[in-house]
Amino acid sequence: MTADQIIFLLCAALILGSALMTVTTRKLIHAALWLVAALFGVAILFAILQAGFLAVVQVVVYIGAIAILFIFAVMLTRRVVLDKGQQTRSNWWIPALLGLLILGGLVFLILGQPDFGRTAVEMPTGVDTLRNLGTALVSPDAFVLPFEVASILLLAALVGAVYIATGNKE
Amino acid sequence: MSTPLSWYLILAAALFSIGLFGVLSRKNAIAILLGVELMLNAVNINLVAFWRYLDPAKMTGQVFAIIVFAVAAAEVAVGLALIISVYRSRKTVVADEIDLMKW
Amino acid sequence: MIFLNDPINFLDGWIRGLLTGLGLPDSLTTVIIYFIGITGLIVFAMVLDIFLVWVERKVVARFQDRLGPNRIGPFGLIQPFADIIKLIIKEDITPAGADKLLYNLGPVLAIASVIILWAILPLSRKIFGVDLNVAVLYLVAAGALGTLSVIVGGWASNNKYALLGAFRMVANMISYEVPMVVALLIPTILADTMSVQGITQAQSGMWFAILSPLALIIFLISAIAELGRSPFDLNEAESEIVAGFHIEYTGMKFGLFYAGELLHAFTFGGFIAVLFFGGYGGFFGLEKIPFFSWLNNPFIQAVVFLAKAMFGYWVIMWIKYSMPRIRIDHMLAFNWKFLTPLSLVVLVNTAILSKVLAGLPNWEYVAGMFFSNIVIGFITVEILRAYGRKQRKAEMNLSPQSAHNQERTV
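These numbers were taken from a predicted model, which means no experiment stands behind them.

Topic: the overall build of chain B
- Within chain B, the regular secondary structure consists of three helices and zero strands.
- Its helices and strands taken in sequence order, chain B reads α-α-α from the N to the C terminus.
- In summary, chain B has a C-alpha radius of gyration of 17 Å against a globular reference of 13 Å for 103 residues, an excess of more than 25%.
- In terms of overall dimensions, chain B has C-alpha extents of about 55 × 25 × 15 Å along its principal axes.
- Each of the 103 residues in chain B was classed as buried or not, and the buried ones make up 61%.
- Long-range pairs, those at least 24 residues apart, make up 57% of the contacts in chain B with a sequence separation of at least 6.
- Surface summary for chain B: the accessible area is close to 3800 Å², and the carbon and sulfur share equals 70%.

Overview of the confidence of the model for chain B
- Predicted confidence across chain B gives a mean pLDDT of 89, with 97% of residues reaching 70 or more.
- No element of chain B has a lower mean pLDDT than helix H3 (residues 60-90) of chain B, which averages 90, and none a higher one than helix H1 (residues 5-25) of chain B, which averages 93.

Quick word on the arrangement of the chains
- Pairwise contact counts over the two pairs of chains in contact peak for chains A and B.
- Separated in space, chain B and chain C share no contact, their closest pair of C-alpha atoms being 14 Å apart.

Things to note about the packing of helix H2 (residues 26-63) of chain C against helix H3 (residues 79-88) of chain C
Residues and elements named next belong to chain C.
- Across the interface, H2 lies against H3 with an axial gap of 8 Å and an inter-helix angle of 110°. As judged from the angle between their axes, H2 and H3 are roughly perpendicular. Each of Ile50, Val53, Trp54 and Arg57 in H2 lies in contact with H3, whose residues at this interface are Gln79, Pro80, Phe81, Asp83 and Ile84.
- A breakdown of the residues in the contact of H2 with H3 according to their chemical character gives six nonpolar, one polar and two charged.

A short note on the side chain of Asp49 of chain C
All names here are of chain C.
- If you trace the backbone, Asp49 turns up in helix H2.
- Buried and without a salt bridge, Asp49 has Arg229 as its closest oppositely charged side chain, separated by 9.2 Å.
- Sequence-distant contacts of Asp49, that is, excluding residues within four places in its chain, are made with Ala259, Gly260, Leu262 and Leu263.

Structural notes on the interface of chain C and chain A
- On the chain A side, the residues contacting the 21 residues of chain C number 23 residues.
- Summing both sides of the interface, chain C and chain A together bury roughly 2000 Å²; the carbon and sulfur share of this comes to 82%.
- The largest share of the area that chain C buries against chain A comes from Leu148, Trp155 and Phe167 of chain C, three residues that together contribute 28% of it.
- Counting across the interface, chain C meets chain A through one salt bridge.
- For the side of chain C that touches chain A, the elements supplying multiple residues, two or more each, are helix H5 (135-156) and helix H6 (160-191) of chain C.
- It is H5 of chain C that contributes the most residues to the side of chain C that touches chain A, eleven residues altogether.
- Split into classes, the residues belonging to the side of chain C that touches chain A amount to 17 nonpolar, two polar and two charged.

What about the interface of chain B and chain A?
- Across the contact, 70 residues belong to chain B and 83 residues belong to chain A.
- Buried surface at the junction of chain B and chain A, both sides included, amounts to about 7200 Å², of which 77% is carbon and sulfur.
- Its largest share of buried area at the contact with chain A, chain B owes to Phe21, Arg26 and Phe69 of chain B, together 10% of the area lost on that side.
- At the junction of chain B with chain A, the criterion picks out zero salt bridges.
- In this assembly, chain B and chain A are joined by four residue pairs in polar contact (both at pLDDT 80 or more).
- Contributing elements (two or more residues each) for the side of chain B that touches chain A: H1, helix H2 (29-54) and H3 of chain B.
- Here the side of chain B that touches chain A is built from residues that sort into 50 nonpolar, 13 polar and seven charged.

Definitions and limits used
- Residues numbered from 1 in each chain as written.
- Chains lettered and ligands numbered in written order.
- Predicted model: local features only at pLDDT ≥ 70, side-chain atom pairs only at ≥ 80, totals over all residues.
- Heavy atoms only, no water.
- Helix = DSSP H or I, 4+ residues; strand = E, 2+ residues; numbered from the N terminus.
- Rg over C-alpha atoms; globule rule 2.2 N^0.38 Å.
- Buried < 20%, exposed > 50% of the residue type's maximum accessible area, 1.4 Å probe, protein only.
- Contact = heavy atoms within 4.5 Å.
- Areas by Shrake-Rupley, 256 points an atom, 1.4 Å probe, with all protein chains shown as cover.
- pLDDT = per-residue confidence, 0-100.
- Axes fitted to C-alpha atoms, helices over the stretch in contact; angles between N-to-C directions.
- Parallel < 35°, antiparallel > 145°, perpendicular 65-115°, else oblique.
- Nonpolar A, V, L, I, M, F, W, Y, C, P; charged D, E, K, R; others polar.
- Lys, Arg positive; Asp, Glu negative; His and termini not counted.
- Salt bridge = Lys/Arg side-chain N within 4 Å of Asp/Glu carboxyl O.
- Buried area = accessible area lost by both parts, 1.4 Å probe.
- Polar contact = N/O pair within 3.5 Å; in protein donor to acceptor, adjacent residues only side chain to side chain.

Structure, rendered in structure tokens:
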């Protein structure tokens, strides 16, 4: 059990524990905050995987924007202060069974591939991942087209969300 | 980096199934979106783990993960705007009660 | 390496020798040294915070033409300790119906989101927490955590005024993150790196405040809005919604919010110093002269950095105590209709000019960038004046006199 395996297991415990609390807790505000904990765990995981830029972008985009959006939506759509009653549907055991089946299938597939048991290749020295990422996003023989399409998607989502949320002003 | 790649993939699979359980079993529409977010994060973990473990010199994995960030943000924004708009007219966010197209 | 030239490495080697001499394995020694470093940095930040309470009260007093605390200790220096003792012995009330875990989490998140910023603040060339290559984005991420603390605190208080204040403050903070990120991109472009050490090194020839004064102004305004200080302090508008989102917090929990806000202001002063005023360096090449080689000493650099940070903090306090509060809709309109387009224009201008003028000698480069900023500022002011003129004319046409006359003809 080397040090980074221990760190990985702690991080995985944080992520999975927070995710379980997100989908099972009764109060919706607590679910949103457990999601924040899970997203933070994923950011730590990205940092362990030496994708530092992605870790920080995860915090900025997911925790700083998406989670705050969720919290606002929860606060703006509540009828009662406390969430009463059962929060999951009455036939919740079917999704649980389905989730376990899918998990079992995926684990079986992963363990069946011997190549997936490998450890990481060495990070090539002298490679500045941040600069390479920036170049890859805007260089024409790399990924400038998905980048531009993503920005159009974001523009469409921005206009759409503003229009839907402001409602009809006659 | 002595953790095997399969550990990351199993973690992502577990996170995905927990998200799936959340989507299919919760009544509140916002809680369903929380499950969708968990699934998108599982996908991101997979992408970045493969990027790091196979070929860190090529940027494909990270670029894909960034596009997933953008798509997730756009989807959450529009989804929550829709839910708030439905709440305004129907006064409910329970998914079962939003079952009439026009009233 | 003697202590005076390289303190962190010296201490690292000394403690490591001590601990491995006691027989501990190497990885455990590294972990212990990291913990000692983290604790030292946090202690320094919190002790500085105590000093900042005194500075704040003296400075606000002088701005308001009075003396400030001068009874306890010489010049009132013991005043913060009196404040801390008062806050600790106050009754710790949790409002009925408040969410206990979240209620206690709010102040913790507030102060944590500020202390994590001290990990990247470069006190000198050799004294810093960590040299992240995405430090500028890390600053934005820490701001996001601060936003979370506001909303948790406002919600958990089970009080509609607290919730209202929290909503307004979060809307404020999220909106002003956009021009802040764009203004942060400008030193990144000029220095060709996101690391704060790299940005400080790149300013050894010329400060970025001179290369791009508009970026400094935009960053200053967005930083003040992020902090939630006057003139953007609608969240704690004492005359309107009492104390905003920390209305229900008593004793040391309120003390954590308050101390966190002061330390956040000082940290932003530090970032203004690093990003625009040369940080611990920026002596315009003076330190290369052998007579001034003592300017390369880590401790002298730390003192220079803290002095510049204190200057930045003083500017933030100056603006706070001189300007009236802005209404929430004016605040948001100012952000989305003025600050964001302006910051985007300045960004495009900087990006294009920094490549076009790249080959020119130093003074022409500096003059070109500076004058392009002046031109953009001038055009902006002219547009604002024309807009103001149009609005005044429209208001005169709709004045009560003419409206009354128009009604009569019906």
